Structures are given as C-alpha cells and as structure tokens.
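These are the residues of each chain, in order.
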Amino acid sequence: VTSATCSNQNSIFTPLIKQCPSLRLRSPPKRVTRTMAAAAASAVAVNGVKAASTSQAYVESTPVKETKALISDLCRQFYTLGWVSGTGGSITIKVHDDSIPKPNQLILMSPSGVQKERMVPEDMYVISPSGSVLYSPSPKPYPHKPPKCSDCAPLFMKAYEMRNAGAVIHSHGMESCLVTMINPLSKEFRITHMEMIKGIQGHGYYDELVVPIIENTAQERELTDSLAAAIEAYPKATAVLVRNHGIYIWGDSWISAKTQAECYHYLFDAAIKLHQLGLDWSTPTHGPISNKKLSAKAGSLISNNAIEPSRRCIVLDIEGTTTPISFVTDVLFPYARDNVGRHLDATYDSPETQDDIKLLRSQVEADLEQGIVGAVPIPSEDAGKTEVIAALVANVNAMIKADRKITALKQLQGHIWQTGFQNNELEGVVFDDVPEALEKWHALGIKVYIYSSGSRLAQRLLFGNTNYGDLRKYLCGFFDTTVGNKKETRSYFEIAEAVGVDKPADILFVTDVFQEAVAAKTAGLEVTISVRPGNGPLPENHGFKTITSFSEI
C-alpha cells in the first residue's frame, strides 16, 4: 500500500469497517488486494511458526474454496433443522491445513442478515487468525442487502482464542431458546443419564452435562464479555446458552461442532418434553418431580428446574465411606499390581494405553527431579517395548506401594480394573447401608456425587458392578483428582462451582480422612466423618460430626 493510499485509507476502508466493526482491518478487502502483487507461498513463517499466508493466491486456493462450499452446504442443512431461519444463526470454520498450527489457520465466516439456505461459497468472509478481513463478498443487486460480516464475529473469535476451536456454530434452534426460559433465574442447564450426552466432548452416559446460560443483549457483539466469562468459568463446557436467544457451540473440527450441536439440541428437546410430562430431567432416573421439590412463588407451582430449585446435594468419598478400605487395599490394588505388565503388553499400541504411558513418563520425570523413592528412568521407545514396559511396571509398583494419589497412576489403574470387571474377575463392594441411603436420597430429590482419588472410570466401574447391582442410577456425577487434590481447599471450591449450589454450605461432604474434612470445611462445605471398620484413627477433639452408617444422615 503506497503512502498516498495510507493517508487516505479511511475513505477506502470505511465501508468495510461499517460492515464488520468488531474486526480489526489489517489487510484491504478483495477489491483492493486484487491490485497488489501477492505471490507468496501457501504458508509463511512468523517467528519460526508456520502461519497461513494472507496472499491472494492462498485466499483463492482449493482448501479455502472447499471450506466456503462446506459452510454453504451446512447452512442449508441447518436451515431445514430450524437453526438458522429468518437470516439468524451463523457458522464459522477454520481452513484445515496439517502443516499449519490451528491457531494460525485462516478463518471463514458466513455473512449476516442473509438467507442462510441460499448462500453460495462466494458469500463467505475470509478472516486472518488475528481478526483482519482478507476477503469480503461483492455486493448483490436489489433486493439483497449490502454484504456484512457476521454479527457473531467477536464471539466466534473468543471461542477460537480461548478454546483453540476448529469450528463454531451459532444456532437459533427453538429448543435452545425454550430450555433457558423454563427457569428464568437459572444460570445453568444440567442433565444426566441420557445416551446423547456421550456425543458431547469429554462426557459419558453417567456424567452430568452442565451448560452455562448467559443473559441476552440487544446487540450480538454486546454478548462478547459474558460469553468469554462463561468459557473461562466452565472449562469443560463446549457450548454456552444465551437466554431467549440460542446457543454457541464449538468443537475441534466442523464434524465435532456439528455432532455436538445435534446432541445438544436433542437433549434440550428431551428436557422440554420431560418437563411437560412432569418429569425431572436433571436426575438419573428422570422420574416424577418430587413433591418436596414443588413450591409456590408468585402464585405458580415450580419444580426443581423452575424458579428456585433445591440445590442440596451430597458428595461422598469411597474408601472408608461407601466401601471398606480393605476392598481397595486387598483386592483392587493387588489386582492392578499383578496385572499391570499383562495389561500394558496386551494394549501397548492402543491410543488409550499410549496416553497412559505419556502421563506416566511425565510423572516419573518429575519424580526423578524431586528424588522420589522408587522412581526409575523410563527408556525411550527406541529401547523396545519390553524395556519400556519393565520400567513402567517398576514405577507403577512403587507408586502403588506408596499409595500415591496421582492422576497418572489412577488413570492406568482404572483401565486395568476395567478389564477385570469386564471379565467378571472383580466385583465392587459397598457397605450394606449404602444402597438404601442412595435410593432414599434420590427419592427426596437430593443429588449425590462421588469424589475419590480413583479415576472417574474406576468410580463408575465400582458403582456399576457392586454386590448390590448397578448403583449408578442414583449418582449424578463423579469427581477425581483432575479437579484437585482431596486435601486442598480449592478442590472443594471447584466442586461447589461444578454442582451449581448457591453456596458451599449446601453441600454435605462425607469422608473418613480428617485432612480432607478440614479442607472441605475451610471451603465452606458441611462435613461429616465416616467411622467404619478398618478406618484409621481420628485426632482427639477433631470437632466434626461422625457417623457409623448412612442411615444416620
């Protein structure tokens, strides 16, 4: 761009700035760049990192054209689903290129205020990773409006920046709107024990899916800060609901985003229909809404999914609380120790086991630096499978012997136990009073969660295969050390935030470990210590209420 052009750049760029005020204009639009000599390769290096080129050649390359066509096809499909009718809704996808890190890939966005089902590839905007408009579509004759970049652009950019997304979908689907209106004061949508939850990244059937809800504003761009705050507050979330408006959904790729969008809309629709039937979608059995959850306010009946839901819940430890310590120390730990070598050998090349090995390598490296007893170096893959497994077994045995509460060990143990439960070599054990208490609390509408140093997988296996049958139907979710160490106060703050209580004191935490009780109490939770056969001694004058059976709660 010449100095003369720069001195008059406002007159050149004003129309485009008006089209997309939320984006920073660093490169002129197509009708300007066509006059420039851009002959760069398809990718350029910036500070040693490969980035998508902003050259005209790359903007008009096959990958970009194919992604534009994909957006057109998806919008036509979404229109038939009611997600982008009335020119509402939008979609954005990054131009995939294996040679370019995702944060540096070009971004394509659908325009705003157009008939989404009639869009063509040439209608799409091309945006640089930093938010500059590289290509804008040419105006169309009346009755079409002048081209305008999506009003969702700043919100899309937040998902790209904060979640390293590969695609983002904004839907105005009726389900996503209505589900936020059932409880006008709710800040979250929660549902559990539904098959389609498995389609949401990082979730399984027995998990509780939590989607934050933010309040709508008159202008789309005004939602940017509240969307960013929700993304930060809910690190596991892949979507944010906007009350009376719709939903933003992101994924690693367009396939991931699309799959999750379909699952979210299904779950919202299911929740609405369950609510119409007087059934509670947020509990594992989706049974009739308990009378204890009904109350009157402003002259109307409301359920726990309405104006003032009952947020009372119980969080249970496992060892020494629901399950004898001896089962863990005399059955589960020996099984894992005796089968670690066989498990690693049989599953060595699987992605699951490779992930376990990666975690163990990282943990052992840290242990060696800190001089942890029992830690031995793990050779590289070049040493061969046998040598690597031998070193892994030695480290795992040392970790088990020291009863270390670390994610790397617990994740591997969970996978080993999974094989044991599947082969009927293991059966979970709970105290005799546990099943009846879980059933009673469930009937009262009290949500129950598990928090254990064992992995979430191991927890689900234990409660899904107990001497009293499958008890997972009474449980709303599982927490492990990925939320934090059980003796650290911040872990309980995280749990209180995750389960959605108004205040930490709405949670009763039951454990047999004094240090865990202190950490939970410091976070504001109500705490009771479980005194079971085989449990360790408690300090004198510890100050906590104790129980010997769940029937006392």
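The chain appears in an unreviewed UniProt entry as Class II aldolase/adducin N-terminal domain-containing protein from Escallonia rubra.

By size, the foremost hydrophobic cluster in this structure holds 54 residues, and its most contacted members are Leu 316, Trp 417, Leu 438, Trp 441, Phe 463 and Phe 550. If we skip the residues at most four places from it in the chain, Leu 438 touches Leu 316, Val 448, Leu 471, Tyr 474 and Leu 475. Listed in part, the 48 residues of the second largest apolar core include Ile 200, Ala 257, Leu 267 and Trp 281.

Take the sheet that holds strand E6 (residues 133-135) next. The mixed open sheet is built from nine strands, whose spatial order is E6-E5-E4-E3-E7-E11-E10-E9-E8. Taken across any chain shown, the strands that pair with only one partner, and hence form the sheet edges, are E6 and strand E8 (188-192). Shown here is a sheet whose adjacent strand axes are inclined to one another by a mean of 25 degrees, direction ignored. Sheet topology note: the strand E9 (residues 208-214)/strand E10 (residues 239-242) ladder contains two bridges and is parallel. Looking at the pairing, Ile 213 lines up with Leu 241 of E10. Across the sheet, helix H5 (residues 62-80) touches strand E3 (90-94), strand E4 (107-109), strand E5 (125-127), E6 and strand E7 (167-171), and the angle it forms with E3 is around 150 degrees.

Enumeration over the complete set of coordinates arrives at 12 aromatic pairs. Both rings, one in Tyr 264 and one in Phe 268, keep their centres 6.0 Å apart while their planes meet at 25 degrees; by these two values the pair is stacked. In this pair, Tyr 264 and Phe 268 are both assigned in helix H9 (residues 254-276), four residues apart and thus about one turn of the helix distant. Given a relative accessible area of 1%, Tyr 264 falls into the buried group.

A sheet is described by the order of its strands in space; here six strands give the open sequence E16-E15-E14-E17-E18-E19, paired in parallel fashion. Of all the strands in the sheet, just strand E16 (477-479) and strand E19 (545-547) have a single pairing partner and so form its edges. Between one strand and the next, the sheet's axes are offset by a mean angle of 25 degrees, whatever the strand orientation. When strand E18 (residues 526-530) meets E19, the two strands line up parallel, connected through three bridges. If you follow Ser 530 over to E19, its bridge partner there is Ile 547.

Attention now moves to the packing of helix H10 (residues 325-347) against helix H12 (residues 385-401). The axes of two packed helices give the description: the angle between them and the distance between them. Viewed as axis vectors pointing N to C, H10 and H12 meet at an angle of 165 degrees, and their least axial separation amounts to 9 Å. Here H10 is positioned roughly antiparallel relative to H12, judged by the angle of their axes. Note on packing geometry: the crossing formed by H10 with H12 is right-handed. Packed against H10, whose contacting residues are Phe 333, Ala 336, Arg 337, Val 340, Gly 341, Leu 344 and Asp 345, the element H12 presents Lys 385, Ile 389, Leu 392, Val 393, Val 396, Asn 397 and Ile 400 at the interface. Considered class by class, the residues forming the contact of H10 with H12 number nine nonpolar, two polar and three charged.

Let us now look at unusual backbone geometry. Put simply, Tyr 142 and Pro 143 share a cis peptide bond, and its omega is 15 degrees. Positive phi, close to 50 degrees, is recorded for Asn 164, a residue that is not glycine. The residue Asn 164 is located in the loop between helix H6 (153-163) and E7 in this model. Within the chain, Asn 541 stands out as a residue other than glycine whose phi angle is a positive 55 degrees. Inspection of the secondary structure puts Asn 541 in the loop between E18 and E19.

Counting buried positions over the five residues of E8 gives five, a clear majority of the element. Across the two faces of E8 the burial is the same, with Glu 188, Arg 190 and Thr 192 and Phe 189 and Ile 191 all buried. Direction of pairing for E8 relative to E9: antiparallel, over a ladder of five bridges. Opposite Ile 191, over in E9, you have Leu 209 as the bridge partner.

This next bit is on the environment of Gly 320. When you line up the elements, Gly 320 lands in the loop between strand E14 (313-316) and H10. Classification of Gly 320 as buried rests on a relative accessible area of 0%. Placed 215 residues apart in sequence, Gly 320 and Asn 535 show a C-alpha to C-alpha distance of 5.8 Å.

Take the pattern of salt bridges next. Counted by the stated rule, this structure contains 26 salt bridges. Among the salt bridges present, the one from Arg 460 reaches Asp 207, with a minimum N-O distance of 3.4 Å. With Arg 460 in helix H15 (residues 456-464) and Asp 207 in the loop between E8 and E9, this residue pair connects regions lying 253 residues apart in the sequence. Judged by its relative accessible area of 18%, Arg 460 falls in the buried class. Of the residues examined, Asp 207 reaches a relative accessible area of 4% and is grouped as buried. Three or more residues are tied together by salt bridges with common partners; here these are Glu 188, Arg 190, Glu 208 and Lys 447.

Reading the values: rules and limits
- All chains use their own residue numbering, which begins from 1 and follows the written sequence.
- Reporting of local features is limited, given that this is a predicted model, to residues whose pLDDT is at least 70; pairs of side-chain atoms are given and counted only at 80 or more, and all residues count toward the totals for whole chains, interfaces and linings.
- As a convention, hydrogens and water are excluded, and side-chain values are obtained from all of the structure's heavy atoms.
- We define a nonpolar core as any set of buried Ala, Val, Leu, Ile, Met, Phe, Trp, Tyr and Cys residues linked to one another through side-chain atoms lying within 4.5 Å.
- Think of it in three bands: with a 1.4 Å probe and only protein chains considered, a residue is buried below 20% of the maximum accessible area for its type, exposed above 50%, and partly exposed in between.
- Contacts are assigned to residue pairs with any non-hydrogen atoms lying within 4.5 Å of each other.
- Two strands are counted as paired when DSSP detects at least two bridges linking them.
- Per the convention used, a helix needs a DSSP run of H or I reaching at least four residues, while a strand needs a run of E reaching at least two, with both numbered from the N terminus.
- To obtain an axis, a line is fitted to C-alpha atoms, over the contacting stretch when the element is a helix, and the angle between two such axes runs from 0 to 180 degrees between their N-to-C directions.
- In this scheme Phe, Tyr and Trp rings, the latter by its six-membered ring, pair at centre separations within 6.5 Å, and the angle between planes marks the pair as stacked below 30 degrees, edge-to-face above 60, and tilted otherwise.
- Roughly parallel means an angle under 35 degrees; roughly antiparallel, over 145; roughly perpendicular, 65 to 115; everything else is oblique.
- Here is the rule for handedness: rotate from the far helix to the near one, and if that takes an anticlockwise turn smaller than a right angle the crossing is left-handed, while a clockwise turn gives right-handed.
- Each residue is assigned to one class: nonpolar for Ala, Val, Leu, Ile, Met, Phe, Trp, Tyr, Cys and Pro, charged for Asp, Glu, Lys and Arg, and polar for all the others, Gly among them.
- Each reported salt bridge corresponds to a side-chain nitrogen of Lys or Arg within 4 Å of a carboxyl oxygen of Asp or Glu.

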